[in-house]
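Structure at a glance
What follows is each chain in one-letter form.
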Amino acid sequence: MPSSTPVDDNIESNPLLQDFDFPPFDIVEAKHVRPGIRALLKKLESDLDELEKTVEPSWPKLVEPLEKIVDRLTVVWGMVNHLKAVKDTAELRAAIEEVQPEKVKFQLRLGQSKPIYNAFKAIQESPDWKSLSESRKRIVENQIKEAVLNGVSLEDDKREQFNKIEQELELLSHKFSENVLDATKKFEKLITDKKDVEGLPSTSLGLAAQTAVSKGYENATGENGPWVITLDAPSFISVMQHACNRALREEVYRAHITRASSGDLDNTPIINQILKLRLEKAKLLNYNNYAEVSMATKMATVDKAEELLEKLRSASWNAAVQDVEDLNSFSKSQGALEADTLSHWDINFWSERLRESKYNINEEELRPFFSFSKVMDGLFKLAKTLFGIDIEPADGLAPVWNKDVRFYCVKESSGSPIAYFYFDPYSRPSEKREGAWMDEVVSRSHVMSRNGTTARLPIAHMVCNQTPPFGDKPSLMTFREVETVFHEFGHALQHMLTKQDEGLVAGIRGIEWDAVELPSQFMENWCYHRDTLMSIAKHYETGESLPEEVYLKLLAARTFRAGSLSLRQLRFASVDLELHTKYIPDGSESIFDVDQRVSRKTQVIPPLPEDRFLCGFNHIFAGGYAAGYYSYKWAEVLSADAFSAFEDAGLDDIKAVKETGHKFRETILALGGGKAPLEVFVGFRGREPSPEALLRHNGLLPVTA
């Protein structure tokens, strides 16, 4: 290890080991990671020794001490991992990489503990089983299932092999995401000639100039440049949608689809190794393939997932073909030379032009109506209407990792706090990973109570990568960025409004992965609800409301290219399942061949032969979505159907909306992982889910005569 990475060995003062209400994010540094995590693991190992010696098949002698061990590791490792995602440095990476194998080793030991496993089995087989609460039964069943998937039943050699695989997989997925981040950072396109940036909106030019300043061009301005284009989402998407310069679009597109696919950042061998190890792991556990392992803890089965994907694919295909034909004829009418041979770098550009002409909506011109503070106010107002909660700024109460991070307190209508959350909204390409996510800081728990009587309150993170404030302008958001904030807030609500006191199934813990996107996608629907949208869409300078006709156009534009956008997700979901069911590592077909084959059925314009999109597919190689990307579509069926309950009740009937909102809160948001998600859904909706609402919202239902 580079000796230049400092280490602070003073355990007493190590912030990772302090007792805190809110994590000391402001003072944790790379130098605290090695000694802090090692001291923590040592303590947890002795706690585990003690538990294994004294364990009995009862809640106080098994589940409570177990939860304390799991919780401590989740919270402390969570802090470190979170900082890596939002404040990445070479020192922090190196420190995490060094202690990670030790952390995985401990997790494996815990997950494979025979005394704990046997005690859970004894609870399940005891005469008291029938009288256990539903959430306690779920904990026992989950723990037994997880232990088996963690290799508890494997004997010596096989267990050793299994553990080696787990260690290597953890390492590879970290390396994968680091390569994507580094490859994204590596691409910089300096532009000095104004005509090369023609079409780019002023916000994007401002961002590109800001990037140029950070690269040493201190006199760069949005007006006169120079400009630096990057592969960071706000920059990349803007070029794809708005740059008139076709050669620039092609260059940036090609850079994006070949990210992390060559040189020392090449993820190809990493992907091959990951797939090989996942298959080996599945075989050790007596499954046919890794997808079966993944589905063991989900609502769906491989067959059910494939069936849904095919149903949605066939409903989307003709609409997507029509989308491409519309673009061809529209670009031709605009005199585009490329009209007959539209390629990937033309699609977004001409889609934006067609959207503008069809609905007269220009995403950029809408930005002034979506200023960050107004959007948050409207979101919080909606949460009050639906769920009867108040959200108040609490900046200063908890330490933060960046000056732009906001902190909020969630209160019952009675005024008592029930949760807290951090929100880190803006893009910081030099240190923050792309995308948007929600995660837990701590979960609700009776065992982890701070005062011994009331449950510890849940705390969440919300992280986005939207356009930062520029000059004296606040952060002005695109409509898509608004949807993203609503989405992440939906996840946060399920974490924060849980009524579960059993920490192991509180909030988002213990919920089947393919049901976890339900509340987040549900919240996105409200962005199209007239009163909600009108309450947030106020011009940041004049205060005028979004004009009514623009709202109606946004509504109409919602189904614009729905077939194509649906197929895009279906390509990702299908290639993911294909790689984790039928693909043979080192066989005659490469991973890229598989993608090409799947794409023939899921993309109207097949990907370029040199497309290496898989090398940047963090979700399935460095996130939790391996053989699980279909979950987005699975949960979209659930969320659209849940929203249709509000449509059925009457979206303009405030009393009905509040009653339905209360029911949603008491079921989907309150029950956490303490009840099977299908039962939770039926409890809310009164019946099993149907894909009809999703297809209707997307305008993909065949029109009946």
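Bear in mind the structure is a predicted one, so any value in this text is a computation, not a measurement.

1. Considering helix α12 (residues 302-333)
An α-helix turns once every 3.6 residues. As a result, residues three or four positions apart point the same way. Given a rise of 1.5 Å per residue, 32 residues ought to cover 46 Å, and the 45 Å separating the end C-alpha atoms of α12 matches this to within 8%. The largest bend along α12 measures about 35° and falls at W317. One or two positions beyond α12, positive phi appears at G335, with a value near 75°.

2. Details of the sheet that holds strand β3 (residues 389-393)
On the basis of which strands lie adjacent, the open sheet formed by five strands has the order β3-β4-β5-β7-β6 and mixed pairing. Each end of this open sheet is capped by a strand with a single partner; those strands are β3 and β6 (437-442). With direction set aside, neighbouring strand axes in the sheet form an average angle of 25°. Both β3 and strand β4 (residues 406-412) contribute to a ladder of five bridges, which runs antiparallel. The residue of β4 that forms the bridge with I391 is V410. The sheet strands contacting helix α2 (residues 59-86) are β5 (417-426), β6 and β7 (459-466), and the helix crosses β6 at an angle near 145°.

3. Brief notes about the side chain of S574
Residue placement: S574 occurs in helix α20 (residues 562-581). One polar contact links the side chain of S574 to the main-chain carbonyl oxygen of L570, over a distance of 2.6 Å. In this view, S574 contacts L309, V598 and T602; residues no more than four positions away in its chain are not counted.

4. Quick look at the packing of aromatic side chains
Scanning the entire structure with this criterion turns up 42 aromatic pairs. Centroid distance W513 to Y625: 5.1 Å. Interplanar angle 70°. Geometry classified as edge-to-face. Placement of the pair is W513 in the loop between α16 (479-496) and α17 (518-524) and Y625 in the loop between α22 (618-621) and α23 (631-649), with a sequence separation of 112 residues. The exposure class assigned to Y625 is buried, which follows from its relative accessible area of 9%. Over the face of the ring belonging to Y290 we find R278, whose NZ or CZ atom lies 5.5 Å from the ring centre. Of note, R433 hangs over the ring of W437, and the distance from its end group to the ring centre comes to 3.9 Å.

5. Some thoughts on the UniProt feature "domain: Oligopeptidase A N-terminal" (unreviewed entry) in the chain
The sites that carry the UniProt feature "domain: Oligopeptidase A N-terminal" (unreviewed entry) are, in the present numbering, residues 37-159. The straight-line gap between the two end C-alpha atoms of residues 37-159 is 25 Å; of that span, 81% is helix and 0% is strand.

Thresholds, definitions, all that
- Think of each chain on its own: its residues are numbered from 1, step by step along the sequence as written.
- Only residues with pLDDT of 70 or above have their local features reported here, since the model is predicted, and side-chain atom pairs are shown and tallied only from 80 upward, although totals for entire chains, interfaces and linings are computed over all residues.
- To get the side-chain values, take all heavy atoms of the structure and skip hydrogens and water.
- Secondary structure elements are defined from DSSP: runs of H or I of at least 4 residues count as helices, runs of E of at least 2 residues count as strands, and each element is numbered from the N terminus.
- Expected span of a helix, by definition, is 1.5 Å for each gap between consecutive residues, and there is one gap fewer than residues.
- Think of it this way: the bend at a residue is just the angle between two axes, each fitted to seven residues, one set ending at that residue and the other starting at it.
- Paired strands, in this sense, are two strands between which DSSP finds at least two bridges.
- Convention adopted: a line fitted to C-alpha atoms gives each axis, helices being fitted over their contacting stretch, and angles between N-to-C directions are expressed from 0 to 180 degrees.
- Contacts are assigned to residue pairs that have any heavy atoms within 4.5 Å of one another.
- By the criterion applied in these results, polar contacts are pairs of N or O atoms within 3.5 Å in which, for protein atoms, one can donate a hydrogen and the other can accept it, and in which residues neighboring in sequence qualify only through two side-chain atoms.
- Two aromatic rings, drawn from Phe, Tyr or Trp (for Trp, its six-membered ring), form a pair once their centres lie within 6.5 Å of each other, and the interplanar angle then sorts them: stacked below 30 degrees, edge-to-face above 60, tilted otherwise.
- The rule is simple: take the accessible area with a 1.4 Å probe, protein chains only, and divide by the maximum for that residue type; under 20% is buried, over 50% is exposed, in between is partly exposed.
- Over a ring means this: the NZ of a Lys or the CZ of an Arg is within 6 Å of the ring centre and within 35 degrees of the ring normal.
- UniProt positions are given in the numbering used here, feature names are shortened, and annotations may be inferred rather than shown by experiment.

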